Amino acid sequence: MVDLEFYVSGVATFFGIPRCGSGIPILGVPMEDTVSFRPGTRFAPSVIRQWSQYFEFTPSIDLGVDALGKACDLGDVSLLQGLVDMNIRRIESVVSEALSRWGRVVNIGGEHTLSLAAARALRASQGSYGIYVHVDAHFDSRTEWPIGQSLSHATFVRRIIEDVGPELLLFLGPRSYDPEELTFVRDLNNSVILMTRDLKLMSRYELRLLVRELLDSYSGPIHLSIDVDVLDPSIMPGVGNPEAFGLNYGELLRIIEAVLDHGGSRVKVLDIVEYSPPNDPGLASLPVIVRLILDVLNYMA
Ligand SMILES: [Mn+2]
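Residues numbered from 1 in each chain as written. Predicted model: local features only at pLDDT ≥ 70, side-chain atom pairs only at ≥ 80, totals over all residues. Heavy atoms only, no water.

A. Quick peek at the coordination of the manganese ion. At the metal site, the manganese ion is ligated by Asp-136 (OD), His-138 (ND1), Asp-227 (OD), Asp-229 (OD) and Asp-229 (OD), and these contacts range over 2.2 to 2.7 Å. Expressed as a motif, the donor residue spacing for the manganese ion is D-x1-H-x88-D-x1-D. Of the two residues, Asp-136 sits in the loop between β4 (131-135) and α5 (156-164) while Asp-229 sits in the loop between β7 (222-227) and α9 (249-263), which places them 93 residues apart along the sequence. Taken individually, Asp-136 and Asp-229 each receive the classification buried, so the pair is uniform in this respect. (Donors = N, O, S within 2.8 Å, 3.2 Å for Na, K, Ca; no water. Helix = DSSP H or I, 4+ residues; strand = E, 2+ residues; numbered from the N terminus. Buried < 20%, exposed > 50% of the residue type's maximum accessible area, 1.4 Å probe, protein only.)

Listed below in structure tokens is the structure:
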């Protein structure tokens, strides 16, 4: 007799975790409809699933929890190539369902525009939206981009502001922008901006204090949205829109620690977006992506 459970393996899941299930669902969102520069983010969920099997499942900091033990793989949202509005509605439906069943969700993009769908779903499920934390080299707050397109990866934060209405927007790590969007974001009466250079000058302690104060000053759920291009292209070449002088991994980890430590169970939605395998020479960014997912699950577990 052959033990089929032992000798027959299934389709790859993230880190080989079970399909959902119970636990924190990890949802693949291979949306890629509004590329302005280098394409490829649609391949991220499947490549991460395939390659994450081969890494040690060790988070950066030992918190005494089983980071993967409480996670499950929800699969990918089925999307129709190029149909932005329909895809946003589909993602919103799936994230809403995930929130109603599991209370939290980790979305693996795909292009950053999916965060608009996640924000709408979060607002609908909680009745309020609370705090949007945008960790990104860019503000993604243009009126239109390209000119004539009101919904894209470069404009969706403005759509979140208009449609969803966060109590507070926290921009962490921007360093490359159009002057008009910088003015727009600065003039909001509920935004806080810490540029990449600010973050590099702050100590871990200063960052924790500031983040705690900000998170405590508003009620409601927290949406943490991480565009991996916030990292320096030397460690994260696999993105569509690389920008020089980015964060190192330790600097990103301090942000994650500060938000998830103080945000706790208020962090209902966490997005990791914009990884682009075709732009990743030798898949050099994959160890960083894999570690990032492990680290966020470690703080959420
Ligand atoms: Mn970006």
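B. Structural view of the sheet that holds β4. Within the open sheet, the eight strands sit side by side as β2-β1-β3-β8-β7-β4-β5-β6. Their pairing is parallel. One side of each edge strand has no neighbouring strand; the edge strands of this open sheet are β2 (71-76) and β6 (191-194). On average, each strand axis in the sheet is tilted by 15 degrees relative to the strand beside it, whichever way the strands run. Note that β4 and β7 share five bridges and pair parallel. Bridging from a neighbouring strand, Tyr-132 pairs with His-223 of β7. Packing against the sheet, helix α4 (residues 114-126) makes contact with β1 (24-29), β3 (105-109), β4, β7 and β8 (267-273), and its axis sits at approximately 170 degrees to β8. (Pairing = 2+ DSSP bridges. Axes fitted to C-alpha atoms, helices over the stretch in contact; angles between N-to-C directions. Contact = heavy atoms within 4.5 Å.)

C. Quick peek at the packing of aromatic side chains. Enumeration according to the criterion identifies three aromatic pairs in this entry. Relative to Phe-57, the ring of Phe-15 has its centre 5.8 Å away and its plane inclined at 85 degrees; by these criteria the two rings are edge-to-face. Within this pair, whereas Phe-15 is found in the loop between α1 (4-7) and β1, its partner Phe-57 is found in the loop between α2 (44-52) and β2, the two being separated by 42 residues in sequence. Its relative accessible area of 4% is what places Phe-15 among the buried residues. Assessed through its relative accessible area of 38%, Phe-57 is described here as partly exposed. Plain terms: the ring middles of Phe-139 and Phe-171 are 5.4 Å apart, the flat faces sit at 70 degrees to each other, and that makes the pair edge-to-face. Here Phe-139 is found in the loop between β4 and α5, whereas its partner Phe-171 is found in strand β5 (residues 168-172), with 32 residues between them in sequence. In this structure Phe-171 comes out as buried when scored by relative accessible area, which is 1%. Put simply, the rings of Phe-139, Phe-171 and Tyr-177 pair up and form one aromatic cluster. Its end group placed over the ring of Phe-37, Arg-38 keeps NZ or CZ at 5.9 Å from the ring centre. (Phe/Tyr/Trp six-rings, centres within 6.5 Å; stacked < 30°, edge-to-face > 60°. Lys NZ or Arg CZ within 6 Å of the ring centre and 35° of its normal.)

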